[in-house]
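Residues per chain are reported as follows:
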Amino acid sequence: MRFETWSTSVETANADCVVVGVFEDGELGAAAKELDGKLEGSLSRIASHGDFPGRTGETMLLGTLPRLAGRRVLLSGLGPRKSFGRRAWRKALAAAVAALGRTAIRSAALALDRPPAEELDDYYYGRAVAEITGSTLYRINDLKTGKKPKPPALVRVLAGPLARASARTVARGLKHGHAIAQAAAVQRNLGNLPGNICTPRYLAQQARVLARKYRSLRVRVLDEAALRREHMNCLLAVAQGSAEPPRLIVIEHRGARPGRAPLVLVGKGVTFDAGGISLKPAADMDEMKYDMSGAAAVIAALSFAAEVALPLNVVGIVGAVENMPDGKAVKPGDIITSSSGQTVEILNTDAEGRLVLADALHYARRFKPAAVLDMATLTGACVIALGHHHSGAFGNDEALVRELVEAGARADDPAWQLPLTEEYAEQLTSNFADFANIGGRAAGAITAAAFLGKFTRGLSWAHLDIAGTAWQSGANKGSTGRPTPLLADFLLHRAGV
Ligand code: BES
Ligand code: MN
Ligand code: ZN
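Residues numbered from 1 in each chain as written. Chains lettered and ligands numbered in written order. Predicted model: local features only at pLDDT ≥ 70, side-chain atom pairs only at ≥ 80, totals over all residues. Heavy atoms only, no water.

K.L.:
Could you clarify how one ought to interpret the site of ligand 1 in this entry?
P.N.:
Every one of the 16 residues lining ligand 1 counts as a neighbour, but Lys280, Asp291, Asp350, Glu352 and Gly380 are closest to it. Separating an oxygen atom of ligand 1 from a side-chain N or O atom of Asp273 is a distance of 2.9 Å. The contact in question runs from an oxygen atom of ligand 1 to an N or O atom on the side chain of Lys280, over 2.8 Å. Relative to its unbound accessible surface of 510 Å², ligand 1 loses 76% to contact with the protein. Its residues placed into classes, the shell around ligand 1 shows 5 nonpolar, 4 polar and 7 charged. (Near = heavy atom within 4 Å. Polar contact = N/O pair within 3.5 Å; in protein donor to acceptor, adjacent residues only side chain to side chain. Areas by Shrake-Rupley, 256 points an atom, 1.4 Å probe, with all protein chains shown as cover. Nonpolar A, V, L, I, M, F, W, Y, C, P; charged D, E, K, R; others polar.)

K.L.:
Just to check I follow, could you spell out the packing of aromatic side chains for this structure?
P.N.:
In this description, an aromatic ring pair is defined by two values, namely the gap between the centres and the angle between the planes. In the structure shown here, the tally under the stated rule is 8 aromatic pairs. Their ring planes at 45 degrees and their centres at 5.3 Å tell us that Phe451 and Phe455 sit as a pair that is tilted. Like Phe451, the residue Phe455 is buried in the burial classification. Taken together, Phe435, Phe451 and Phe455 form an aromatic cluster joined through their ring pairs. Positioned above the aromatic ring of Tyr125, the side-chain terminus of Arg114 is 3.9 Å from the ring centre. (Phe/Tyr/Trp six-rings, centres within 6.5 Å; stacked < 30°, edge-to-face > 60°. Buried < 20%, exposed > 50% of the residue type's maximum accessible area, 1.4 Å probe, protein only. Lys NZ or Arg CZ within 6 Å of the ring centre and 35° of its normal.)

K.L.:
Sorry, what's going on with the coordination of the zinc ion (ligand 3) here?
P.N.:
Tetrahedral metal sites with four donors have an ideal angle of 109.5 degrees; octahedral sites with six donors have ideal angles of 90 or 180 degrees. Lys268 (NZ), Asp273 (OD), Asp291 (OD) and Glu352 (OE) make up the full set of protein donors to the zinc ion (ligand 3), lying at 2.0 to 2.4 Å. Around the zinc ion (ligand 3), the 6 donor atoms sit at angles spanning 79 to 174 degrees, and that spread fits a shape best called octahedral. Read N to C, the donor residues that coordinate the zinc ion (ligand 3) are spaced as K-x4-D-x17-D-x60-E. Between the zinc ion (ligand 3) and the manganese ion (ligand 2) the interatomic distance comes to 3.2 Å, and Asp273 is a ligand of both metals. (Donors = N, O, S within 2.8 Å, 3.2 Å for Na, K, Ca; no water. Tetrahedral: all angles 85-135°; square planar, octahedral: opposite > 155°, others 65-115°.)

K.L.:
Can you help me understand the packing of helix α4 (residues 122–137) against helix α5 (residues 164–192) in this one?
P.N.:
Packed helices, taken two at a time, are described by the angle their axes make and the gap between the axes. Look at α4 against α5: their axes get within 6 Å of each other, and the N-to-C directions meet at 35 degrees. The chirality of how α4 crosses α5 is right-handed. On the side of α4, the interface is formed by Asp122, Tyr123, Tyr125, Gly126, Arg127, Val129, Ala130, Glu131, Gly134 and Ser135, while α5 contributes Ser166, Thr169, Val170, Arg172, Gly173, Leu174, His176, Gly177, His178, Ile180, Ala181 and Arg188. By residue class, the composition of the contact of α4 with α5 is 8 nonpolar, 9 polar and 5 charged. (Axes fitted to C-alpha atoms, helices over the stretch in contact; angles between N-to-C directions. Helix = DSSP H or I, 4+ residues; strand = E, 2+ residues; numbered from the N terminus. Left-handed = near helix turned anticlockwise from the far one by under 90°. Contact = heavy atoms within 4.5 Å.)

K.L.:
Sorry, what's going on with the sheet that holds strand β16 (residues 435–436) here?
P.N.:
Hydrogen bonding along the main chain pairs the strands of a sheet, whether they run parallel or antiparallel. Pairing within the open sheet is mixed, and its 3 strands lie in the order β11-β12-β16. The strands lining the two open edges of the sheet, one partner per strand, are β11 (335–337) and β16. Note: β11 against strand β12 (residues 343–345), 3 bridges, orientation antiparallel. Directly across from Ile335, in β12, lies its bridge partner Glu345. (Pairing = 2+ DSSP bridges.)

K.L.:
What's the story with helix α3 (residues 86–101) in this structure? I'm lost.
P.N.:
Residues spaced three or four apart along an α-helix face the same direction, because each turn holds 3.6 residues. Its 16 residues give α3 an end-to-end C-alpha distance of 22 Å, which sits within 8% of 22 Å, the value for a rise of 1.5 Å per residue. Along α3, the positions that sit buried rather than exposed are Arg86, Ala88, Trp89, Ala92, Leu93, Ala95, Ala96, Val97, Ala99, Leu100 and Gly101. (Expected span 1.5 Å × (residues − 1).)

K.L.:
Would you mind showing me how to read the domain arrangement of the chain here?
P.N.:
One frequent convention defines the size of an interface as the accessible area lost when the parts assemble. Here the chain is described as being made up of domain 1 (2–137) and domain 2 (181–495). Relative placement of domain 1 and domain 2: their C-alpha centres are 40 Å apart. At the junction of the two partners, domain 1 supplies 9 residues and domain 2 supplies 10 residues. Taking both sides of the interface into account, the surface hidden between domain 1 and domain 2 amounts to around 690 Å²; carbon and sulfur atoms contribute 36%. For Asp412, the salt bridge is made with Arg90, and the minimal N-O distance between the two is 2.9 Å. Counting across the interface, domain 1 meets domain 2 through 8 residue pairs in polar contact (both at pLDDT 80 or more). (Domains from an automatic or database assignment. Buried area = accessible area lost by both parts, 1.4 Å probe. Salt bridge = Lys/Arg side-chain N within 4 Å of Asp/Glu carboxyl O.)

K.L.:
Quick question: what am I supposed to make of the sheet that holds strand β9 (residues 263–273) here?
P.N.:
The sheet built from 8 strands is open, its strands ordered β7-β8-β10-β9-β13-β17-β14-β15 with mixed pairing. Lying at the two open borders of the sheet, with one neighbouring strand each, are β7 (217–222) and β15 (415–417). Pairwise comparison of adjacent strand axes, ignoring direction, gives a mean angle of 20 degrees for this sheet. Relative to β15, strand β14 (residues 391–395) runs parallel, the two sharing 3 bridges. From the neighbouring strand, Gly392 faces β15, where its bridge partner is Trp416.

K.L.:
Any chance you could explain the coordination of the manganese ion (ligand 2) here in plain terms?
P.N.:
The protein atoms that coordinate the manganese ion (ligand 2) are Asp273 (OD), Asp350 (O), Asp350 (OD) and Glu352 (OE), at distances of 2.0 to 2.2 Å. Coordination geometry of the manganese ion (ligand 2): the 6 donor atoms subtend angles of 71 to 168 degrees at the metal centre, consistent with an arrangement described as irregular. Taken in chain order, the donor set of the manganese ion (ligand 2) reads D-x76-D-x1-E.

K.L.:
Any chance you could explain the environment of Ala282 here in plain terms?
P.N.:
Here Ala282 shows up in the loop between β9 and α9 (293–307). On a C-alpha basis, the gap between Ala282 and Leu203 in space is 26 Å, while along the polypeptide they are 79 residues apart.

K.L.:
Would you take a moment to explain the pattern of salt bridges for this structure?
P.N.:
Pairs may arise between side chains of opposite charge once their charged atoms sit close together. A full pass over the atoms with the stated rule returns 24 salt bridges. When the shortest N-O distance is used, the salt bridge between Lys477 and Glu287 registers 4.0 Å. Taken together, the residues Lys477 in the loop between β18 (471–472) and β19 (478–479) and Glu287 in the loop between β9 and α9 connect sequence positions 190 residues apart. Using a relative accessible area of 34% as the deciding quantity, one classes Lys477 as partly exposed. Taken together, the salt bridges that share partners define one network made up of Arg127, Glu131, Arg410 and Asp489.

K.L.:
Could you clarify how one ought to interpret the side chain of Gln187 in this entry?
P.N.:
Positionally, Gln187 belongs in helix α5. Owing to a relative accessible area of 0%, Gln187 belongs among the buried residues under this scheme. Among residues more than four places away in sequence, those in contact with Gln187 are Ser293, Ala296, Ala297, Ala300, Ser479, Gly481, Arg482, Pro483 and Thr484.

K.L.:
Looking at this structure, how should I read the pairing of strand β17 (residues 461–465)?
P.N.:
Within a regular strand, the side chains alternate between the two sheet faces. With 5 of 5 residues buried, β17 is to be regarded as a mostly interior element. Neither face of β17 is left uncovered, since the one carrying Trp461, His463 and Asp465 and the one carrying Ala462 and Leu464 both have all their residues buried. Looking at chain direction, strand β13 (residues 371–376) and β17 are connected through 5 bridges and run parallel. If you follow Met375 over to β17, its bridge partner there is Leu464. Sheet topology note: the β14/β17 ladder contains 4 bridges and is antiparallel. Looking at the pairing, Phe394 lines up with His463 of β17.

Next comes the structure, spelled out in structure tokens:
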């Protein structure tokens, strides 16, 4: 896909198709008005007759029209004028791109009305155009046999019409947005793969593939023997019930001078979570193939850092395991000594993500990080608390958590902070070990975060629970690519670019 800006008049835009907006009351958007004059009122007639009602998400393609030199016009509904803003614009753009993707149109000039600049400035406009185009045209890795659906013909998207002064800023946004869309596709491709293909070893192999592509990346993979030498017994305890050997994957992006403290990103990479001996119910268990979405987001973020040559040192750490029931599996009541030296009573083997992260987070210390951020499809309780709209944000450093929440808001990949005060950690009390791996039904997302907090003392640390946001069920089942846009925004801001 190529993204460009354009600054000509609407009817001379250099593309196969011009995309213009129509409001719900029949009012034409600015570019539609401009074209309407050229087209002797045909657009206003379509709108006033009610042939195109202008609801957001609806589009109408007008075939080659006289006077437009073979160019097509795509109408996209902007909804009611008074409530038109960033959300409606995003929806209208996604609908337009989806409609274009079903045609043979190869290039499109976007001329939708833009939300007010306070809601979306030039830079974020460019970014959103590229991100929405990329995510709308994303297709799932096809494991279906038979005739393959054709890739969309659309290969060139022009954002505009722009005042000359805006074009450079928009172009920078397009470039970053394109890189974010590519990173989100990296995450989605990994997430959508089934557990029998996307194993811990597969994740390690993909990290190596990435490091071959980018010179700034270095990869180190710890196998079972190395994990044992590091005393990562909590991670190993989860893995011991599976025939798939575990891996700890370390990816480094060297973008700043060597002495500069890195940002460390840690991802939960449970390639399938059956629950272990505390076996999950059968319904929807297949969705636990997405339980490596945090790991996929870390890999995606490192690919993004390399792609935009981010002037930061970033370390990605992925704890990759499969959680299965077996004669050798860890059992409820077992007590394990973590790599931090703290002992954990495993009361529920389905609370495995925190066990993997405990050792992965402890490993982060050796990098003397500026900040540590983990992401994990950690708890069903987070889905109950926040649904599928916000990721849960937690941490021991308020400024860091705020930074993440703000990045999420800017990137349209929102997160919401939940409290993480001392009381919650008390729910983890065990009679036999330093603490248990579960804290009862109440505040399950928070007690899980409190568990992670036991392993990040003295670090500047934040945690994103992405259980509700990393994938969706239903007709459009699949990985969403979240929280890659949030992470990318966070990294760009940290780098000051
Ligand atoms: N991977 C799950 C969390 C999850 C559940 C994500 C549903 C998305 C949808 C995690 O490993 C898990 O099983 N958590 C348990 C914790 C409980 C045993 C304390 C849960 O949420 O039920
Ligand atoms: Mn689990
Ligand atoms: Zn899990």
